[in-house]
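# Examination of the molecular architecture
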Amino acid sequence: MRRTETLLLTTRKYKVDNFSLKRLDTVKGKQLVANLSSRRHPMPLVLFYFQLHQPFRLHPHPDRFLWDDLNRDVFKRVSEKSYLPALEMFQNLIAEYGDFKITLGISGTFLEQAELHESRVIKLLEGLIRAGEDRRVEILDETYYHSLCGLFSDPLLQEFRDQVSLHRDRLKKLFGVFPTSFRNTELMYNNRIAETAAQMGYRSILCEKRADMYASGEKPVSPNAVFRAKGCDLLVIPRNRELSDDIAYRFTGKPVSPEDYARALAEIDGEAVLLGYDFEHIGEHIWRERGIFEFWQGLPAALQRRASIVQAVPAEMADHFRDTDCPIADIHSLSTSSWADETRDTRGWLGNFTQYTLFKEIEEMEARAKKAGGEILLRWRQLTTSDQVYFLHEGSGEDHAVHSYFNPYGGSIAQASHVLTRKIDQLGFAAEKLQILKRPVKTAILIITPETGRLPEDMGGLAKFISGKSGGQGEVVSALCEGLSGRGVDVHLVTLNLKKRFQREAGLDEKEWREMRYRIDPANIHLVGSAVFAENLSAYEGDPLRTAAEFQKGIVNNLLKDIRAHHQGKLIIHSHDWMAGGIVTAYAKATGLPVLHTVHNVFTAHLPLDYLAGVNVANITDNLFYYNDNGRLYIDCQATAIKNATLINFVGEQFLREVVQDYFMDRPLVPPGVRKEVKAKYESDEALAIINAPSPNVYPERSPHIIRRYGPDDDVLAAKRENLLEFQRRAGLNQNPEAILFFWPSRLDPFQKGVELLEEVAVPFVNTHRDVQIAIVADGIGRERTHLEILGAMAFASGGRIACYPFREDLSLLGYAAANDVFGASLYEPCGQIDQVGNIFGATATNRDTGGYHDKIKELGLIMDGAPEDGGNGFLFRDYDVGGLRHGLEKSLAFHRKPDDIREREIKRIMREARERYQLPGMIDQYLGVYERLNGGEPLF
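Everything numeric here is computed off the predicted structure, so don't read it as measured data.

### Quick look at the overall build of the protein chain
Across its full length, the protein chain carries 36 helices and 26 strands. For 941 residues, the compact-globule estimate of 2.2 N^0.38 gives 30 Å, and the protein chain sits close to it at 30 Å. Burial statistics for the protein chain: of 941 residues in total, 61% are counted as buried. Restricting to contacts in the protein chain with at least 6 residues of sequence separation, those with at least 24 account for 76%. With the model as given, the accessible surface of the protein chain reaches about 35900 Å², and the carbon-plus-sulfur share is 51%. Of the side chains in the protein chain, 116 bear a positive and 130 a negative charge, and the two mean positions are spaced by 2 Å.

### Observations regarding the side chain of Glu284
Here Glu284 lies in the loop between β8 (272–278) and α11 (292–304). Under the relative-accessibility criterion, Glu284 is labelled buried at 7%. A distance of 2.8 Å separates the side chain of Glu284 from the side chain of Arg77, its partner in a polar contact. One polar contact links Glu284 to Lys81, side chain to side chain, over a distance of 3.5 Å.

### Some words on the environment of Arg808
Within the secondary structure, Arg808 is located in the loop between β23 (802–805) and α31 (809–818). For Arg808, a relative accessible area of 41% translates into the label partly exposed. The spatial distance from the C-alpha of Arg808 to the C-alpha of Ala778 is 7.8 Å, given a sequence separation of 30 residues.

### Comments concerning the pairing of strand β26 (residues 874–877)
Burial along β26 is two-sided: the face carrying Gly874 and Leu876 and the face carrying Phe875 and Phe877 are both buried. Two strands pair when backbone bridges link them, and strand β25 (residues 844–848) and β26 are joined in this way by 4 bridges, in the parallel orientation. When the bridges of β26 are listed, Ala845 appears paired with Gly874. Handedness of the β25-helix α33 (residues 851–856)-β26 crossover: right-handed.

### Regarding the sheet that holds strand β14 (residues 571–576)
With respect to topology, 7 strands assemble into an open sheet ordered β13-β12-β11-β14-β15-β19-β20, the strand pairing being parallel. The strands lining the two open edges of the sheet, one partner per strand, are β13 (525–528) and β20 (687–689). For this sheet the average axis-to-axis angle between neighbouring strands, irrespective of direction, equals 20°. Pairing analysis gives 5 bridges linking strand β11 (residues 444–448) to β14, with the strands arranged parallel. In the sheet register, Leu446 faces β14, and the bridge partner there is Ile573.

### A closer look at the packing of aromatic side chains
Think of a pair of aromatic rings as described by two things: how far the centres are apart, and how the planes are tilted against each other in angle. Scanning the entire structure with this criterion turns up 39 aromatic pairs. With a centroid separation of 5.7 Å and an interplanar angle of 35°, the aromatic rings of Tyr816 and Phe841 are classed as tilted. Taken together, the residues span a long stretch of sequence, with Tyr816 in helix α31 and Phe841 in the loop between α32 (834–840) and β25 at a distance of 25 residues. The pair formed by Tyr816 and Phe841 is uniform in burial state, with each residue classed as buried.

### With respect to the pattern of salt bridges
Applying the stated criterion across every chain, the model contains 62 salt bridges. A salt bridge links Asp330 to Lys230, with the nearest nitrogen and oxygen atoms 3.6 Å apart. Of this pair, Asp330 sits in the loop between β10 (328–329) and α13 (347–350) while Lys230 is found in the loop between β6 (227–229) and β7 (235–239), placing the two residues 100 residues apart along the sequence. One continuous salt-bridge network, built from bridges that share partners, spans Glu159, Asp162, Glu366, Lys370 and Arg381.

### So, helix α6 (residues 158–175)
Between its first and last C-alpha, α6 extends 26 Å over 18 residues, near the 26 Å set by a 1.5 Å rise per residue. Most of α6 is tucked away: 13 of the 18 residues are buried. Phi turns positive, to about 70°, at Gly176, one or two residues after α6.

### Quick look at the packing of helix α20 (residues 472–486) against helix α36 (residues 920–934)
Relative orientation of the contacting elements α20 and α36 amounts to 80°, with a least axis distance of 10 Å. Looking at the two axes, α20 sits roughly perpendicular to α36. Contacts between α20 and α36 pair Val476, Ala479, Leu480, Glu482, Gly483 and Leu484 from the former with Leu920, Met923, Ile924, Tyr927, Leu928 and Tyr931 from the latter. Along the lines of polarity and charge, the residues of the contact of α20 with α36 split into 10 nonpolar, 1 polar and 1 charged.

### Here we look at the environment of Leu265
Note on placement: Leu265 falls in helix α10 (residues 258–266). Owing to a relative accessible area of 0%, Leu265 belongs among the buried residues under this scheme. C-alpha separation for the pair Leu265 and Gly631, spaced 366 residues apart in sequence, amounts to 80 Å.

### Digging into the packing of helix α25 (residues 637–644) against helix α27 (residues 672–683)
It is the contact of α25 with α27, at a shortest axis distance of 8 Å, that shows an interaxial angle of 10°. Our classification of the angle between α25 and α27 gives roughly parallel. Considering the relative orientation of α25 and α27, their crossing is left-handed. Counted together, Gln638, Ala639, Ile642 and Lys643 of α25 and Gly673, Val674, Glu677, Val678 and Lys681 of α27 form the full contact between these two elements. Of the residues contributing to the contact of α25 with α27, the split by class is 4 nonpolar, 2 polar and 3 charged.

### Focus: the sheet that holds strand β16 (residues 606–608)
A sheet is described by the order of its strands in space; here 3 strands give the open sequence β16-β18-β17, paired in antiparallel fashion. Each end of this open sheet is capped by a strand with a single partner; those strands are β16 and β17 (626–629). The sheet shows a mean angle of 40° between the axes of neighbouring strands, direction not considered. The pairing of β17 with strand β18 (residues 632–636) spans 4 bridges and is antiparallel. Looking at the pairing, Asp629 lines up with Arg632 of β18.

Calculation criteria
Residues numbered from 1 in each chain as written. Predicted model: local features only at pLDDT ≥ 70, side-chain atom pairs only at ≥ 80, totals over all residues. Heavy atoms only, no water. Helix = DSSP H or I, 4+ residues; strand = E, 2+ residues; numbered from the N terminus. Rg over C-alpha atoms; globule rule 2.2 N^0.38 Å. Buried < 20%, exposed > 50% of the residue type's maximum accessible area, 1.4 Å probe, protein only. Contact = heavy atoms within 4.5 Å. Areas by Shrake-Rupley, 256 points an atom, 1.4 Å probe, with all protein chains shown as cover. Lys, Arg positive; Asp, Glu negative; His and termini not counted. Charge placed at Lys NZ, Arg CZ, Asp CG, Glu CD. Polar contact = N/O pair within 3.5 Å; in protein donor to acceptor, adjacent residues only side chain to side chain. Pairing = 2+ DSSP bridges. Right-handed = clockwise from strand over helix to strand, strands pointing away. Axes fitted to C-alpha atoms, helices over the stretch in contact; angles between N-to-C directions. Phe/Tyr/Trp six-rings, centres within 6.5 Å; stacked < 30°, edge-to-face > 60°. Salt bridge = Lys/Arg side-chain N within 4 Å of Asp/Glu carboxyl O. Expected span 1.5 Å × (residues − 1). Parallel < 35°, antiparallel > 145°, perpendicular 65-115°, else oblique. Nonpolar A, V, L, I, M, F, W, Y, C, P; charged D, E, K, R; others polar. Left-handed = near helix turned anticlockwise from the far one by under 90°.

Dropping the structure here:
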């Protein structure tokens with residue numbers, strides 16, 4: 001019989017045999033076959049999933065923990081044979097075939113070793129993700145260490161949650177992705193794992209197919225069905241083992257052509273078919289000479305020729321089956337499924353007494369390892385990697401051959417057992433010894449802010465749902481949380497529960513949002529809720545005074561006491577701007593808590609005292625900065641915050657000097673109370689300045705929102721032209737890769753940002769300079785739309801030379817990637833970040849010579865134009881008027897009309913200098929120094 005006929009007969013056999021009729025009695029079995037024969041099933045969605053994983057192998061010598069040499073050699077060998085050529089192949093296939101889609105699971109230990117030993121793998125993964133970012137390449141979340149912690153007896157599965165959070169954070173930092181789909185180690189699945197994944201916000205989970213999933217209940221289940229997890233809405237997608245193994249396992253002995261495989265897929269019955277493979281089967285387990293690369297190179301075209309085949313990724317499946325009545329996957333923890341070995345259970349890891357005993361010893365070490373922290377916790381987590389006990393399996397036949405292949409100790413189970421036992425004993429002893437010396441409680445940092453950007457996943461399950469950014473302050477808070485968490489600092493964050501905004505950005509309706517809030521442990525993220533601001537889209541919408549009062553009361557009456565008690569009183573408050581000041585900092589000082597208050601802007605608000613009903617103001621009255629207006633008492637929130645802070649921090653040195661040296665006395669810019677308290681702190685040496693640093697997640701090397709990612713070592717101008725064309729298409733500008741784009745990303749604020757100057761300059765400037773385009777992606781203050789409408793009308797009448805859109809993160813970042821120059825016209829500026837981000841994206845910066853822009857923008861000059869040296873990163877103008885702004889833009893335009901070779905050289909220099917000057921670790925180091933000063937000179941960790 002021909003190979004094609006064999007494959008097709010096997011495929012037809014799946015339609016009945018996948019139910020494992022041996023588990024049913026004869027009557028039910030016959031009825032099931034009859035039902036299947038009479039039903040017509042739609043062609044299933046087809047999902048191709050590949051797993052990339054390499055463990056950290058343990059060294060056999062007692063004085064060395066990891067087998068670094070072997071780990072490096074294995075990774076480099078497999079990279080050359082498999083990872084590098086296969087990833088490049090898939091990147092090309094994704095680019096060539098618009099309907100070809102793949103899903104990748106990538107363990108944290110794989111990513112670590114790729115960064116250590118073969119950075120080209122990371123580059124190719126970045127390129128693949130970028131090529132398929134329109135839902136054609138999906139990355140899954142999983143446990144960082146490819147571990148067995150999902151089988152721990154802890155009812156909360158806290159280590160499982162922690163490792164998933166570590167994995168999320170690594171994916172976000174490397175690739176800027178935020179997965180919504182999950183796979184557990186080796187597709188191990190049970191009800192408890194599914195429930196935990198749902199609580200962490202995932203919408204779908206992959207698992208290994210088991211016969212008893214299909215044989216439960218009276219109603220027949222399609223052999224290629226999707227399921228719903230028991231007790232929650234999580235979509236469960238089982239793997240089709242037989243068709244997967246036709247390629248990943250049996251291909252060497254029974255090769256299959258792309259056309260035959262596509263035909264088999266086209267004839268499958270059911271709703272969805274998941275094909276899952278170890279990535280290494282391409283080139284490592286199955287050598288190139290066997291035709292495996294030719295198979296995958298030819299498959300997309302073969303699939304295209306089958307009109308009935310619809311490819312998908314897990315996120316699309318979650319959408320597709322969102323409202324579908326699916327059968328329930330009910331797998332008890334004692335019956336955990338997996339894709340290893342023929343038994344499809346956990347016997348590959350826990351199948352003999354030695355494996356189970358060592359697994360329990362590793363599990364029981366969790367509390368000691370976490371108390372010890374540092375390297376001991378890291379080493380313990382490396383022990384949880386499933387491979388460590390997999391090497392000890394005592395199977396026979398084909399199963400034993402697979403285990404022996406992966407065993408790094410010459411296939412010796414005795415040697416593997418000896419090495420693992422010794423490492424567990426050594427680590428346990430080290431953990432016990434360290435407990436004698438370790439401080440029991442760390443000082444925590446409590447960040448209080450009315451706005452924040454995206455938060456790091458290791459702050460808790462809520463992190464992916466919370467982003468209430470109104471300006472640069474939110475970005476700084478987000479970057480600060482990320483940097484502190486990465487250093488091991490216990491950081492908490494309190495912010496407003498802007499429920500409507502969070503729901504909109506997370507794509508959740510009221511019911512879904514409510515269920516998510518009930519399921520997810522907030523961990524280190526604390527939301528202050530109130531009907532006063534729940535429907536607002538920013539902290540400053542509606543009635544900011546009422547919002548501030550509710551926010552401050554919620555913190556003082558509830559949260560501060562709880563968080564402080566949790567850390568046995570060891571807490572430092574870091575408040576941000578006026579809304580987080582007022583009675584919060586007054587209360588903190590009265591109760592002996594050290595406070596760092598960051599002044600992002602000198603705005604303040606006078607909060608009526610009667611708004612604070614329910615707070616014992618009498619106990620803190622001496623700490624309040626009062627304002628009296630016709631007999632009614634108010635609290636000056638910013639002045640009170642500065643008055644009570646142990647230290648204050650400005651986000652720019654020049655602006656601090658401007659406040660202290662009485663700049664802007666001719667206009668109501670710096671409130672008198674604020675100026676008075678700043679001067680007092682400055683004179684007592686309690687004022688400092690730390691310049692904000694953008695998060696590396698916005699860098700063009702990592703941003704998921706731009707068409708072509710790039711860095712200072714790439715062809716920058718070529719990359720920016722590609723991004724320019726896409727930005728022009730989306731923004732409605734004339735398509736011209738040679739256009740000089742001036743980009744305005746600042747909020748449309750007439751009091752500070754000079755939007756009225758922009759409105760006067762924009763049309764005459766583009767009319768005078770036909771090679772120039774201007775784009776604005778920004779919001780007004782709150783829901784104020786006057787300037788958005790004015791600029792929108794100008795854009796409409798410009799004939800494709802001006803564009804104006806409300807702020808959207810994806811469009812804004814694409815604008816940075818497209819821009820030649822990022823500009824503004826600030827009357828004053830505490831710091832500003834648009835120049836920093838612009839420089840990082842390879843754009844010059846143009847703005848007024850004031851505050852933060854004075855600190856950061858240095859006039860660009862070239863030797864060829866008479867400057868003493870090539871240097872600078874932008875252009876400054878002095879006068880706050882139309883002539884000043886036009887003068888700055890003219891200087892920038894002259895540079896951007898220079899030949900490409902000159903601009904390429906200077907832009908690359910600007911990008912490198914920006915990365916060196918505005919490194920997040922540098923900003924975190926400065927803040928840690930301040931925190932340690934507030935902590936009596938003691939380190940936080």
